[in-house]
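# Coordinate inspection notes
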Amino acid sequence: MAGESLPEFNYPKDVLQPLLSASNSSSLQQALEILIKDSRAAVGRAELASKNILPTVLKLVESLHRASSQEYLMQAMKLLRNLCAGEVANQNSFVEHNGIETVLTVLRSAALLSDPDFGIIRLSLQALANVSLAGAEHQQAIWHKLFPNEFFILASIRSLETSDPLCMILYTCCDGKPGLAIELCRDPGLPIVAGIIQTVASVGSREDWFNLLLSRLCLEDIHFPALFFKLCEGNASEDRGNTALGDKVFSSEQAFLLRIISEILNERINEVRVPNETALCVLGIFKRSVSIVDFGARAKSGLPTGSTSVDVMGYSLIILRDICAQDGLGDLKKDSVDVVDLLLSNDLTDVILLLLHDLEPPAIIRKTLKDSENQELNLGSAKLCPYKGFRRDLVAIIGNCAYRRKNVQDEIRQKSGILLLLQQCVSDDDNPYLREWGIWSLRNLLEGNAENQQIVADLQLQGSVDMPELARLGLKVEVDQNTHRAKLVNIPGSYTKPVESLCCHLIIYDRRVGPLKFMEKMSIREPQLYIQAHHTATFTKSNC
C-alpha cells in the first residue's frame, strides 16, 4: 500500500475512531489490515457484528470513493465483503444502512471507466452476493436496485473476474424467488443472460455459479428456448469462425450454450427432469442442424470441431441421448406426457434411423466388403460422420429409447432397423465405444420381445472362420448346410471345458449393402452375440 498518502486526520471521528478501537491500532492502514484478517473467520465476523462495525465501514467506503482513494477503497471493500459472509447480523445491517446504494455507486464508477477497475467490481459484486444469501428479502432488495440496467452493464464486461460473482447473485436471487427467474428470461432480462454467456464463452469461468445459473434456468425451468434463440440475434458475436451455411444459421454462442447444457445434464442425469419444452426445442434444433450440416467430409476430431453447425448438431444429439436415458425420472403431473414419449411422437426414431441408414458402414465392415470376393462396394452417396462419435451417439439414442419400451422395439423391427443395429456392434476408431453401445441397443431391442428375438434367431449364417479361442477350449463352429444354423461341436480327441459364454462368427445378409462379415477372427474387439453353452450349443429363439 506504499506510494499513496491518506490524510487520516480529515476523516470524521465517527468513521475513523471505531475502526481504530475495534482493531486496537493507531492508523487506518493498520486497522484495515487487522480487521480484514479477523473478518475471515466466523468468530471474528460475529465479534465485529457485536460491535456494530459494518455501518462504519459503509461510511468509510463512501468517503474513500469521494476522495478517489482507490488503494484504500480496495481494502475497505475487502473488509465489507468479508463482514457479509454468512453473518446474518451484518447482512441485515448492510440493507438497513443503505449498503446496496453505497456499493452500487462504487460499482457504477468502476464499470463506466474507459478501463474498468475489475478488482473493485469483483469485490462489490462479492459483497452483494454474500448479502443475497441471507434470504428472499435481501434478494428482492438487491434485484430492485440492479435489475435490469445495472445487471446489463455488468454482464457486458468481458472479464473472468466479474462474471463469476455476477452469476452468483443472479443464481441466488432466481433460486430463492422463482418469479425473478421469469423476469430474467423475458425482455428486458434476456440480454443480461445472453451477455453473461458471451463473456464466459470468450474468457471462461473458474467457479460453478455459471453452470448453476444455466441449470436453474434451462433444465430445472423452461427458459432454454427463449435464451437459445436470443443468442442468435444481433447481440451475438460477429466472429463466427467458419463461413459455411450452417455457421451463418447458428451462432457460436448457441453452440457454446448447448455444450454447457449437455455437460450439466450428463452430470445431473439422475437429478433433474428436463422440461418437455426444452426437449422439443432441442429436437427441433437437431433437425434443423441436420438439414444444413455437410456430411461429405470425414471427421478429423470429436466435439467441439470448430464448425458451429456440426457442434450444434453434436451437442443437441448428446442432450437428446441423455434425455432418453432418464427413464421415469421424476413424478409426472396429471395429464402430462413423458418427455421420451413426446420426443418419439415427434419422429425422433425416424430421424435417427434415417441418419444411421444413410451413413457409410463402419470401417471394419467397409474393409470386409472391399476385401470380399465378387463384392462391389459403391458408397459414393453415403454420408460420412461429421465428428468422431456421431455414429455412436445415434446408436445410443436408439438403445436408450428401446429400454423397456415395447412400442419402440416394435417400431425398430417394423422399420427394418434390427439388422441395421446389428451392424453397429463393431469396434470403430472413429466412434469410441460404438461396440458397447451397439450391444446395449441390441439387448434392449430383444428384451422381452419375442418377435424381435425371432428376427435374430432366423438369421442365416453364410459361413464361418477358424477361432483359436474356441479351439483352445476344444470346440469349433460348424454350420448346418440345410438349416444354416451354427452349432458348437467338440474337436475329436480334444478335452472340452465347460463354457459360460461364447461368441460366434456371423456373416449376415442385409438387402441394403449386401453380405456383411461381422468379424474375420475371434477377438474381444470384434462384434459379439452371446450364447449360453457347455459342451455344445446352437442359436435358437430362446438363447438369442
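As the structure is a prediction and not an experimental result, all values here were calculated from the model.

## As for the overall build of the chain
- Tallying secondary structure elements over the chain gives 28 helices and 6 strands in all.
- For the chain, the residues scored as buried account for 53% of the 544 residues in total.
- In the chain, of all internal contacts separated by at least 6 residues, the share reaching a separation of at least 24 is 74%.
- For the chain, the exposed area adds up to about 24500 Å²; of that, 49% sits on carbon and sulfur atoms.

## Quick word on unusual backbone geometry
- In this chain, Asp 187 is followed by Pro 188 through a cis amide linkage whose omega measures 5°.
- Omega for the peptide link from Leu 303 to Pro 304 comes to -10°, which places this bond in the cis form.
- In this structure, Ser 416 takes a positive phi of about 55° despite not being glycine.
- Tracing the backbone through its elements, the reader meets Ser 416 in the loop between α24 (406-414) and α25 (417-422).

## As for helix α5 (residues 70-83)
- Its 14 residues give α5 an end-to-end C-alpha distance of 20 Å, which sits within 8% of 20 Å, the value for a rise of 1.5 Å per residue.
- Buried within α5 are the following residues: Tyr 72, Leu 73, Gln 75, Ala 76, Met 77, Leu 79, Leu 80, Asn 82 and Leu 83.
- On its buried face, α5 is in contact with α2 (28-38), α3 (42-50), α4 (54-66), α6 (88-96), α7 (99-111) and α8 (118-132).

## Some details on the environment of Gly 448
- Relative to the assigned elements, Gly 448 resides in the loop between α26 (434-446) and α27 (450-457).
- Between the C-alpha atoms of Gly 448 and Gln 409, which are 39 residues apart in sequence, the distance is 9.6 Å.

## Let's talk about the nonpolar core
- Residues Phe 94, Leu 184, Ile 196, Leu 214, Phe 224 and Phe 390 are the most contacted members of the largest nonpolar core, which totals 145 residues.
- Among the elements that take part in this core, helix α19 (residues 308-323) stands out by supplying 9 residues, more than any other.
- Ile 196 has contacts with Ala 155, Leu 166, Cys 167, Leu 170, Phe 210 and Leu 213, leaving out every residue within four places of it along the chain.

Thresholds, definitions, all that
Residues numbered from 1 in each chain as written. Predicted model: local features only at pLDDT ≥ 70, side-chain atom pairs only at ≥ 80, totals over all residues. Heavy atoms only, no water. Helix = DSSP H or I, 4+ residues; strand = E, 2+ residues; numbered from the N terminus. Buried < 20%, exposed > 50% of the residue type's maximum accessible area, 1.4 Å probe, protein only. Contact = heavy atoms within 4.5 Å. Areas by Shrake-Rupley, 256 points an atom, 1.4 Å probe, with all protein chains shown as cover. Expected span 1.5 Å × (residues − 1). Core = buried A, V, L, I, M, F, W, Y, C linked by side-chain atoms within 4.5 Å.

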